[in-house]
Amino acid sequence: MSAESEGRTGLQGKLSQWLRGRRPKEAAAADEGGREALLLAAAEAGLPLAPAAHPAPGYRCSCDRVGCPTPARHPVSFAWQTQSTTDRAQIERWARNQPQANFITATGMVHDVLDVPLEAGREALERLLASGIEVGPVAESDDGRLLFFTLTRGTPEDEDEWWPCELDCHPETADEHPGLRWHCRGSYVLVPPARLPGDQAVHWVRGLEHPLPDPLSLLEVLTDVCARHVGEEPDHTNAAWPLRR
């Protein structure tokens, strides 16, 4: 085996070990200490942000809703779509005035998010990187999801130009998509660093220094891996892209 092949094999082995290992405590502490810097970096990368709820004692949510179905995972304002911004001064005010708040990023404006089960996502990430495919920022949620941040499909003036997509996910339909979820127009995800009930968190696996890729460059691998993890044949007809007349 050549030195180059040995190096590549060693790198992939280290990558696999890293992806399956737990995040070191010092990395978690860095996330906590650099919360505002990470939020501002997200805004500078073009991700529109808005304040979200945060965990409360007893696995509860900071919102006033009794039995909140998505504790610490939702915006604090019903106007989150218009409120979402990349304005540095506004984000600084929010972060300093609401030091416990999580933040969401509204998808479908600048970016989309392909949201997959954790183990399937880790396998897909290894395959994508090993194949030399450009992968953008990736976040991991300790509740068992991996989030691939991509360019958005856009918002065409003529809605009929879009082929309806069964992968499209909105906050109220998330439970209907246990496999691959495509967060685009009208949806959102938590942006790291975020805290979840039970001392869980959302943190970056690949940071915002990586440019957003075209979602279609990732979609085939993600659908294949997700389908195998649930024991189904992949159905690529559910992939979404512009249908030009």
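Each remark here, short or long, concerns the structure printed above.
Within each chain, residues carry numbers counting from 1 in the order of the written sequence. The predicted nature of this model means local features are confined to residues of pLDDT at least 70 and side-chain atom pairs, given and counted, to a pLDDT of 80 or more, with totals for whole chains, interfaces and linings taken over all residues. To get the side-chain values, all heavy atoms of the structure are used, and hydrogens and water are removed first.

Section: helix H3 (residues 35-44)
The criterion, for reference: Any residue under 20% of the maximum accessible area for its type is buried, any over 50% is exposed, and the rest in between are partly exposed; the area is computed with a 1.4 Å probe on protein chains only. A run of H or I in DSSP becomes a helix once it reaches four residues, and a run of E becomes a strand once it reaches two; helices and strands are each numbered from the N terminus. The directions considered for the arc are those from the helix axis to the C-beta atoms.
What H3 keeps buried is the set Arg35, Leu39, Leu40, Ala42 and Ala43. The buried residues of H3 all sit within an arc of 155° when viewed along its axis, so they share a single face. Among the exposed residues of H3, those oriented more than 90 degrees off its buried face are Ala37 and Glu44. Just downstream of H3, Gly46 is the residue with a positive phi angle, here 100°.

A look at the nonpolar core
For clarity, the threshold we go by: What is meant by a nonpolar core is a set of buried Ala, Val, Leu, Ile, Met, Phe, Trp, Tyr and Cys residues, joined one to another through side-chain atoms within 4.5 Å. Here, two residues are considered to be in contact whenever any of their heavy atoms come within 4.5 Å of each other.
With 28 residues, the main nonpolar core has Leu39, Leu49, Ile91, Ile104, Phe149, Leu190 and Val191 as its most contacted residues. If you list the elements that add at least two residues to this core, you get H3, strand E1 (49-52), helix H5 (88-97), strand E4 (102-106), strand E7 (145-151), strand E10 (188-190), strand E11 (194-196) and strand E12 (200-206). No other element matches H3, which puts four residues into this core. Setting aside residues up to four positions removed in sequence, Leu190 forms contacts with Ala52, Ala72, Arg73, Asn102, Phe103, Ile104, Leu147, Leu196 and Val202. If you look at the next biggest cluster of nonpolar residues, it comprises 21 residues, including Ala124, Leu218, Val221 and Cys226.

Describing the packing of aromatic side chains
Condition: Between rings of Phe, Tyr and Trp, where Trp is taken as its six-membered ring, a pair exists when centres lie within 6.5 Å; planes separated by under 30 degrees are stacked, by over 60 edge-to-face, and by other angles tilted.
Overall, the coordinates contain three aromatic pairs when judged by the stated rule. Taking 4.9 Å as the distance between ring centres and 80° as the angle between the ring planes, the aromatic pair formed by Trp80 and Tyr188 counts as edge-to-face. Highlighted residues: Trp80 in helix H4 (residues 80-83) and Tyr188 in strand E10, separated in sequence by 108 residues. Judged by relative accessible area, Tyr188 falls into the buried class, the value being 13%.

Brief notes about the pattern of salt bridges
Put simply, the test is: Salt bridge criterion: a side-chain nitrogen from Lys or Arg within 4 Å of a carboxyl oxygen from Asp or Glu.
Under the definition given, this model contains ten salt bridges. For Arg228, the salt bridge is made with Glu123, and the minimal N-O distance between the two is 2.6 Å. Taken as a pair, Arg228 in helix H7 (residues 216-229) and Glu123 in helix H6 (residues 118-130) lie far apart in primary sequence, 105 residues in all. A single network of salt bridges, built from pairs that share partners, joins Glu36, Glu44, Arg88, Glu92 and Arg96.

So, H6
To be explicit about the condition: Expected span, for any helix, means 1.5 Å times one less than how many residues it has.
Over its 13 residues, H6 extends 18 Å from the first C-alpha to the last, a length consistent with the 18 Å expected when each residue adds 1.5 Å. By the burial criterion, the buried members of H6 are Leu118, Ala120, Gly121, Arg122, Ala124, Leu125, Glu126 and Leu128. One or two residues past the end of H6 sits Gly132, with phi positive at roughly 80°.

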